[in-house]
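Here's the letter readout for the chains.
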Amino acid sequence: MRADGDEDQGELGTVAVLSDVHGVLPVLEAVLAEPDVRAADAVVVTGDHAAGPQPVEVLDRLRALGDRAVLVRGNADRELVAHARDGSGPVPDAVTPWAAARLRPADVDLLAGLPHPVELRVRGFGRVVACHGTPRDDEEVVLVDSSLERWADVLGGLDGDVTTVLCGHTHMPFVRLVDRRLVVNPGSVGMPYGRAGGSWALLRDGQVELRHTPVDVDAAVEAVVAGSAFPGARAWADEYLRSAASDADALAAFGPRDGRAARPAGEAQSSS
């Protein structure tokens, strides 16, 4: 497992990009079984790996990928570490402290040592930066319809020859250009908004493909319930694996966090 952002990984050919697994093993297994994921040179996972009902099982599965796995730190990973070490982390939901208490010392060390951001070189793309929220902040929100001014602000610290940014955090897949720079959010594996199943992306030969892995949602919910001791596992799985929140719901909730609420009333929101 490659989790050191300073490690020289060389140029990668095909890269599968996943994000926001949130401790959901059956959907992760379905995505990892995809032929193009199995064949990829690297599997980049852009944060929030274990904050969910199957934290240890998911971390073990990611470890099993060996050196193909490139893990990026997410805000939920930081929160789990804080809870596991001294109980000081925020409590966004009931599953977070529960999951933190299940982590083994090696799991805490792994999450604590994850880098953010991570730089890769990918054939057909050149310099690629993988982050969770934005390259400068793992909790910062940008959306497909965030203004170019907002995007210029959050990406302003990058070198000019960084061609591509991989992000996560908002659980909704998109690809867009930001002043000639490509931004890819693969969506979420474990907590998708708007469409049940596992969302991911593929980088190959200079092209980006948003992919979706359908799952038997009833079976996935039952697998989570059977594989987790979390008391609220069924309610959690019913909400998130069934994608109870739509993309419209998520955009409405996240929108004020990208700065648009600060604009004068009636000012147009620019987008690509």
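Residues numbered from 1 in each chain as written. Predicted model: local features only at pLDDT ≥ 70, side-chain atom pairs only at ≥ 80, totals over all residues. Heavy atoms only, no water.

1. Section: the sheet that holds strand 2 (residues 15-18)
Here five strands make up an open sheet; going across it, the order is 4-3-2-10-11 and the pairing mixed. Two strands bound the open sheet, and with one partner strand each, they are strand 4 (69-71) and strand 11 (207-213). Strand-to-strand twist across the sheet, computed as the mean angle between neighbouring axes with direction ignored, equals 25°. Here four bridges tie strand 2 to strand 3 (residues 42-45), and the two strands are oriented parallel to one another. (Pairing = 2+ DSSP bridges. Helix = DSSP H or I, 4+ residues; strand = E, 2+ residues; numbered from the N terminus. Axes fitted to C-alpha atoms, helices over the stretch in contact; angles between N-to-C directions.)

2. Quick notes on the packing of aromatic side chains
Per the counting criterion, the structure on display carries four aromatic pairs. Ring geometry for tryptophan 151 versus phenylalanine 174: centroids 6.3 Å apart, planes at 75°, classification edge-to-face. Here phenylalanine 174 lies in strand 8 (residues 174-178) and tryptophan 151 lies in helix 7 (residues 148-154), a separation of 23 residues in the sequence. For tryptophan 151, a relative accessible area of 1% corresponds to the buried category. Ring centres 4.8 Å apart and planes at 55° place the aromatic pair tryptophan 236 and tyrosine 240 in the tilted group. Separated by four residues within a single helix, tryptophan 236 and tyrosine 240 lie in helix 9 (residues 233-240), roughly one turn from each other. Accessibility assignment for this pair places tryptophan 236 and tyrosine 240 in one class, buried. (Phe/Tyr/Trp six-rings, centres within 6.5 Å; stacked < 30°, edge-to-face > 60°. Buried < 20%, exposed > 50% of the residue type's maximum accessible area, 1.4 Å probe, protein only.)

3. Some points on the pattern of salt bridges
Side chains that carry opposite charge are capable of pairing whenever their charged atoms lie near each other. Within the structure shown, the criterion is met by 24 salt bridges. A salt bridge links arginine 136 to glutamate 140, with the nearest nitrogen and oxygen atoms 2.8 Å apart. On the accessibility criterion, arginine 136 (46% relative accessible area) is partly exposed. Across the pair aspartate 145 and arginine 260 runs a salt bridge whose closest N-O atoms are separated by 2.9 Å. (Salt bridge = Lys/Arg side-chain N within 4 Å of Asp/Glu carboxyl O.)

4. A short note on the state of the cysteines
One pass over the structure, following the stated rule, counts zero disulfides. Between cysteine 131, a free cysteine, and cysteine 167, which holds the nearest cysteine sulfur, the sulfur-to-sulfur gap is 5.4 Å. Using a relative accessible area of 0% as the deciding quantity, one classes cysteine 131 as buried. For cysteine 167, a relative accessible area of 2% gives the class buried. (Disulfide = S-S within 2.5 Å.)

5. Observations regarding the sheet that holds strand 7 (residues 162-166)
Taking strand neighbours across the sheet as the criterion, the six strands line up as 1-5-6-7-9-8 in an open arrangement whose pairing is mixed. Every other strand in the sheet has two partners, leaving strand 1 (11-12) and strand 8 as the edge strands with one partner each. As paired elements, strand 8 and strand 9 (residues 181-185) share five bridges and run antiparallel to each other. By the bridge assignment for strand 9, arginine 176 is matched with valine 183.

6. Some thoughts on the nonpolar core
A general tendency of soluble globular proteins is for nonpolar side chains to be buried together. Core analysis: the biggest nonpolar cluster contains 53 residues, and Leu18, Leu28, Leu80, Trp236 and Leu241 have the highest contact counts within it. The biggest single contributor to this core is helix 1 (residues 25-32), with five residues. Discounting chain neighbours no more than four positions away, the residues touching leucine 18 are Leu28, Val31, Leu32, Val43, Val44, Val45, Thr46, Pro186, Val189 and Trp200. Formed by 18 residues, the second largest nonpolar core is a distinct cluster that contains Val15, Leu120, Phe125 and Leu166. (Core = buried A, V, L, I, M, F, W, Y, C linked by side-chain atoms within 4.5 Å. Contact = heavy atoms within 4.5 Å.)

7. Side note on the packing of helix 4 (residues 75-86) against helix 5 (residues 95-102)
Relative orientation of the contacting elements helix 4 and helix 5 amounts to 65°, with a least axis distance of 8 Å. Where helix 4 crosses over helix 5, the handedness of that crossing is right-handed. On helix 5, the residues that touch Leu80, His83 and Ala84 of helix 4 are Thr96, Pro97, Ala99 and Ala100. (Left-handed = near helix turned anticlockwise from the far one by under 90°.)

8. Focus on the pairing of strand 10 (residues 198-204)
With respect to burial, strand 10 is a largely interior element, six of its seven residues being buried. Judged from the three bridges that link them, strand 2 and strand 10 form a sheet pairing that is antiparallel. Across the sheet, residue alanine 16 finds its bridge partner in strand 10, namely leucine 202. Between strand 10 and strand 11, which pair antiparallel and follow one another directly, the connecting turn spans two residues, one of which, aspartate 205, has a positive phi of 55°.

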